[in-house]
Structure formats: structure tokens, C-alpha cells
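Inside the fold
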Amino acid sequence: MEPHLILALQILGSPGTAPPPPGGYSGWHDQIQVAVPKLEAELRVDGVLDEPAWRNASRLIGFSEYRPVDGRPAEDSTEVLVWYDNHAIHFGIRAFEPHGPVNPRLADRDKIDGEDYVQLLLDTYNDRRRALVFAVNPFGVQSDGVRSEGGAAQRGGFGEQQDLSGLDLTPDFVYESKGRVTDYGYAVEIRIPFKSLRFQDQRVQDWGFNVIRKVQHSGHEQTWTRARLGNNSFLAQSGTLVRLTELRRGLVVDVTPVVTWKANGAPAATGWDYQTPLPEVGGNLRWGLTPNLGMTLTAKPDFSQVEADVAQVQALPRNALLFAEKRPFFLEGIEQLQTPRQMIYTRRIVKPVAAAKLTGKLSGTDVGFVSAIDDATSSPTGDNPIYNLLRVRRDLGSKSWVGAVYTDKIDGSTFNRVGGLDSRVVFGRLYYLQVQGAGSVTRMNGYSEKLRPLYDLVFDRTGRSYNLQIRAFGVHPEFLPASGFITRGSIFQSNITNRFTRYGKPGSILESVSYAISLDGLWDYENFFGGRNADEVKWHHNLNFTWRGGWRLGPFVFLEHFYYPPSAYRDYRLERRTAAATDTVPFTAGNQLLRNLDLGFGFSTPRFARFDASANILVGYDDNFIEWAQAAIWLSTFIVNARPTEKIRIEARYVRQQYVRWSDRSTVATRNIPRVKIEYQLSRSIFLRLVAQYDARWQDALRDDGRTGYPILILNHATGAYERALSRRSNDLRGDFLFSYQPNPGTVLFAGYGSSLTELRSFGFRDLTRTSDGFFLKFSYLFRL
């Protein structure tokens, strides 16, 4: 096409669209239907934005404040340029910073959340339910993932902030970016090839689009469109890139061979012995069947992790801990497998021999399917477990959906099958109703092979100044999601939470304050249907203050009570000694009611140029679950992030948990976990990492505290005998070193060493004994055909 004709189309707009407004498309003035020019131009992604194509690009301006206070023009000016060619879409960003220089850092992928950054949200199906996220910091360091409406995981609690945005940073996409710091702020250039995207199989199509800018010095988030906090959908408030024409993906075939080698060491009779098997060869094949449907195959994949999971402390011992999926094969398209309650949890597949995955969108229906054969070492039967996991979700209207899930795990003669339906119905601007029902059938010892239910109901009002959520959740004692995850089974739980928020005036030191009051009741499943009172009642009060610059403080008060649960202590007995004899008696804890009163706060600093810090502290009169008695409790988490140079990052974390018997002020249990991670970023694609974590645990000999004082006995299932719960301790040190070269997702070189040590005295560091260690290498290369 001739250059003058290209320019004329850009000025006049595509057929059926309005011409671009003078000066650019202002989100503040609701000019959010963008006619994007299609240009033929050669350029180099360098962050300079000096090629002629950028002068002919559509220009997006007029950003708004979004967090912590919405509905105001942005304090910082941002300009986004956009155009496309046959094979890619291009973005140029100029971020103006009048308050002083920006302080970017070289960082690993997906580790820029504390930086200045800009996020591009591409809703390639224009359904306002899910958007691909491409983020960059001022150096062009990338962070990417998927943002889903209703996709926030059911997690959160003390020491962990609940993410309600539905943003999942685990998927990785191949795209180019380069940034540079300028005298006015920073500029970034981005090229996203259509091969990396899935989109509608149509000649002409519209894409939903928005931009989020995070300003590090103030902690503010700004959006291109006038998005409001008082809305049940963020993506529904996006703009639109209109009439994109003849987008060409070409042949989409990614071949990624993988070679891994490990040498694991352990004590031996003659000293130290390493097992050094031959290198293992595997690989992945990704095939884009259509623009909106893709298949991935893998054989003998390497699913080793290059960094151990951060140790977690259980504030509620009866709740299971959830660890995020980190393995590349499962990450692509993982958003297609999401359900409100997690019926698909891919970490159940421990070490696949081979697996296949199909994900995409067909005629308004999201489809996700995984089939895998797991290694026999992951099964107690010695057989190869077989998993088949299916998730489909159909759009309803402009914001609602209905979905179904089916999972099947076969392990020898045992099996577990789960089927379910769920729906999210959005009405008005503020409200939605979400329902989920599932049933499982299990052939396994202790299960009756009958259909057993799970159900979840949520009503939500998402207002700017007032939020309300009502939830009811129930799970049968024999409901088993062998391919999924639930925090706790055999319960019925109801919750109502009210949140009130006030916002300061423009320029105020106090930007916002919110108060949330939550009433939660939890029953043993059978007790609820038997008409009994709640087994656990929690009344939580939380205040949250946000000050200008990004300071945050959240004091809280927890009032709780717990009734004695006999089923949790079925393996307990007491040792009664008299002058005549010693015998055992049942442990009943006198059916004691535990009443808790806890105080605490969460605190975080702004992200300064060189450091930031946060703390969560809880103290109070609480429960000692291991003896079912009252205790004084201390739970705390302290985190400091230091950035002495633009290439060095240090994270120091300390977690402490302590329970002190209320009866005589003796300590019943402690746990201390210091952790340090040091990273040196040689370039955008190369870094060195050293992680050291110490886990010191101590538990006193257990007794029937506050009642008889008798020693507690616990059933040893291996011997069938009751044994005294004696004092015990463990002091474990883990160190990991990693060299990482990752120029793009798929092409990696990892070389690492890890060692586990133990000692008798906590933090003595004099008699450390090595218990295991290992070396590993991994190399993979992405061939994009």
C-alpha cells in the first residue's frame, strides 16, 4: 500500500468508524473507540520511538486516577501510541514524571510489581471477561499474564493479602520490549507478534483494550479509561481497538526440546554418594490449530523447580496450604482451567510421563482440557495414575457466564470422578451472583462410591463506598477432589462481610480509610444439618488507612470462639498414673469452649528507591490446637526488600510463631523461619540467585493443659500403639544457588546447586550436618516455526 494511502486511512479512520479526535483519544473525555492504523513499516524495537510509523500511530491520552482514589484526572501524564501490521501490534509509551527521576531496576521476569510500570490489557475476544496482560518497566523488563473477571483465587488471611483483581502472572508470552529513562520520565517500545496471541477467527474484529500505569513515587494506579472502583467488572470498563483487519498468525508451531541432568547426593556407608543418571531428553510441541485454539504435547518433561517454595506457617492447623503452580507446561492457558472453587489443581499431577493439553475459545465457549499419565512413583499403588481434566465456560450476555467441569483420576483399581456446574450472573453496575455445585464419586478405602456434594453461593455488591458480600459454602465429608484443591473438607461455612470506604480530598495526606466487619460461622457438615450451633464463630474487624505516597496501616481486632471437635482428636488419649497402676483414658478436653481475642496490624512502606518494608503482627488470647487449651499467641511476618544498585536485589523475610500456655506461661510450641534471597541481574536475561532459609521448630511434651495435666498419647498408625507426645525439635537449613539465562519463555539455561543441612541447637551453625544435596542442569530452546 502506498504511504499516502496509509496516512489517509489513518486520518479518516476505517470504514464505519469516526475519524480520530484532534490531539488523540482521551480516556478522560470517553473517546475510547480507537481506530488503529494498519501500516507497513520496518523498525527496530529500541525504545526511541523516532521512526515515521510512530507519527502516524493512534495516540491515547487523558488518563484517570484509579487506586487508591478513582474519578480524578491523573496526576501524571501518559501517552500511548498504537498501530499494527500484518504480523504484530506495536505500542509506544511515553510516561511523563514531573515529580523527579524514576528509579527502575533490572529485574527477573514478572518481578516488577514494585517498580514504575505500564500494563497493556488486550481483550482479544472483546468479551470483557478475560484480557492478556503485557507489562513493562522503564527498562523494558517484562511481566505478563492474564486478568480474569471472577478469576481471583479463594485465598488470603493473616500475613497474606488477598488479590481480588483476578490477575494471574504465571502465563508467559513471547514479545519484544525495550525501554529507556528520558529527561521527561521514560519511554518504552513494545512489539507483540500475533503468533503469541489467540484471537477471533474473523477477517475484521474489535479488541477490548485498556492501560494501567503504576507510579512508584506515589503508589497510585492510573487507567486510560475512566474506570471506577464501584463496578462489578474492571474489564467491562475498557475501551476498544476497532476494526482490526486481516491479522495473520501464519503457521504457529513451537518446538522446545529439553535436556536435563541431575546428581543427587546422600549419606552413604563410605561417606557421601551421588547418584548420577544419564541426562534425560524430553520436549514440548505447541501447535496453534486455529487463531483461537491451541494444543500442547509433552513427553518426559522436566518439572523440577529452580527455587523451593517459601515455607508457610499454618495459623489454622486444620486448613490445607496451597502452593502455586510454577511448571511451564501447565502455565500456558491455565486461566482456561479456573473454577470458583478449585476443582482443577495441576500440582496433583506430580511427575508426568506424557501429557497433552487443548485450550482456546470456540464460538463464545472457553475450552480447557488436560490429559496426563503420571509417574508410578507418585502413586501408593505402584500404578501410573491417569488424569483427564475438562473445563468449559460459555459467555452469557455482556458480563455473565455459565461453566462446567469434569475431572477423572484413575489409579489402578481406584478412581475419583468429579463433575460440576457453575455460573456468574452480573446485574446492574454493582451486583453479581455466583453459584457452583459439584459432586464426586470415589472408589477408595473409606469411601462409599456414592455421589457426594460440594456447593458454593456468593452474592456481591461492589460499590465505591460500600461493599457487601454474602457467601455460603458446604462440602460433604466424602467429597474428594483428587484432581483439585479445597482448603478444608466436611464443613458448612457462611460469611457476611460489609466494607465501608471514605476518600480524602485531592491533595489530602490521608487518601482513603476503610472499615470492614466480617461475621463467619463454620459447622461440621453433619452438625449443620443436625441443627446444632456453629462449631466456630469469627467476628473480625479491620481498618485500613492509605496515606499519600503509599504508606499503609491496617489494625484489626478478631473475636472468635471454637467448640471442641472430637473427630480432630480421635487419635489422642491420656496417660493416667496412680500409685497402683498406669492406664489410658479418653481425651475429651472436657468439651471445652475456646474463646479468642486477638489484636494486630499490617503495615507497609512506600517503595522507596532503595528499599521497602512490610510487617504483619498478631498477638492475643488464642487457641492452642495441639492441646486444645487457651494460649497466648504471637504470629508475625517481617519483610524488607533492598535494592542497593539497579542490578542487586535482596529480600529478607522473617516469620515467627509462638504459643504460650495460659495456665502456667510455659511455651508449648515455636517456629522461626528467617529467609534471605539475593539476586544479581547481569542483564535482562541473565541473573544469579542465592537463597538461604532456616526453619527452626520446637514443641514441648504435650499434656492435658488446664485440666487433668496428664501426658497426651498419640496413636502411631504404623505400630498400632499409643505413644507419648514427647518434646521434639528440628533445625533445618536449606541453601540454593542458581544461574539463569532466559532470553525468552522457552529458551532457558539453568545451572544450580542445593544443599539441606540440620543441627541440634537452633541457630548454632557449629554442628551443621549435611543431609542431602544436588546439582542440576537444564537446557531448552524454543524453535518457533
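What this report covers is the structure whose coordinates are included nearby. In this text, all values refer to a predicted model and were calculated from it rather than measured experimentally.

1. Digging into the overall build of the protein
When its secondary structure is counted, the protein shows four helices and 45 strands. In terms of overall dimensions, the protein has C-alpha extents of about 105 × 65 × 55 Å along its principal axes. Across the 785 residues of the protein, 50% fall into the buried class. Sequence separation of at least 24 residues holds for 62% of the intrachain contacts in the protein that already meet a minimum separation of 6. Of the roughly 34800 Å² that the protein leaves accessible, carbon and sulfur atoms contribute 58%. Here the protein holds 93 positive side-chain charges and 84 negative ones, and the gap between their average locations is 2 Å.

2. Topic: the nonpolar core
Generally speaking, soluble globular proteins have nonpolar side chains that are buried together. In terms of nonpolar packing, the biggest core is built from 39 residues, with Phe-91 and Trp-207 touching the most fellow members. Residue assignment for this core shows that the elements contributing at least two residues are β2 (33–35), β5 (78–84), β6 (88–96), β7 (117–123), β8 (130–136), β12 (185–193), β13 (204–215) and β15 (239–245). Counting residues in hydrophobic clusters, the runner-up holds 22 residues, among them Tyr-564, Leu-574, Ile-633 and Ile-712.

3. Considering the pairing of strand β40 (residues 712–716)
As paired strands, strand β32 (residues 572–577) and β40 are joined by three bridges and run antiparallel to one another. Along β40, the bridge assignment pairs Leu-574 with Ile-712. If you look at the hairpin formed by β40 and strand β41 (residues 721–724), you'll find four residues sitting between the two strands, and Gly-720 has a positive phi there, around 80°.

4. Section: the packing of aromatic side chains
Taken as a whole and judged by the stated rule, the model has 43 aromatic pairs. Ring plane angle 55° and centroid distance 6.2 Å describe the contact between Phe-209 and Trp-224, whose orientation is recorded as tilted. Here Phe-209, found in strand β13, pairs with Trp-224, found in the loop between β14 (220–223) and β15; they are 15 residues apart in sequence, far enough to count as distant. On the basis of relative accessibility, which here comes to 0%, the residue Phe-209 falls in the buried class.

5. Here we look at the environment of Asp-46
Counting through the fold element by element, Asp-46 comes out in the loop between β2 and α2 (52–55). Each C-alpha atom, one on Asp-46 and one on Ile-190, is 8.9 Å from the other, the two residues being 144 residues apart in sequence. Once you skip the residues sitting within four places of it in the chain, Asp-46 turns out to touch Glu-51, Lys-178 and Glu-189.

6. Structural notes on the environment of Thr-501
As for its position among the elements, Thr-501 is in strand β28 (residues 491–503). Separated by 69 residues in the primary sequence, Thr-501 and Tyr-432 have C-alpha atoms spaced 20 Å apart. Setting aside residues no more than four positions away along its own chain, Thr-501 makes contact with Arg-464, Ser-465, Val-513 and Ser-514.

Quick notes on the rules
Residues numbered from 1 in each chain as written. Predicted model: local features only at pLDDT ≥ 70, side-chain atom pairs only at ≥ 80, totals over all residues. Heavy atoms only, no water. Helix = DSSP H or I, 4+ residues; strand = E, 2+ residues; numbered from the N terminus. Buried < 20%, exposed > 50% of the residue type's maximum accessible area, 1.4 Å probe, protein only. Contact = heavy atoms within 4.5 Å. Areas by Shrake-Rupley, 256 points an atom, 1.4 Å probe, with all protein chains shown as cover. Lys, Arg positive; Asp, Glu negative; His and termini not counted. Charge placed at Lys NZ, Arg CZ, Asp CG, Glu CD. Core = buried A, V, L, I, M, F, W, Y, C linked by side-chain atoms within 4.5 Å. Pairing = 2+ DSSP bridges. Phe/Tyr/Trp six-rings, centres within 6.5 Å; stacked < 30°, edge-to-face > 60°.

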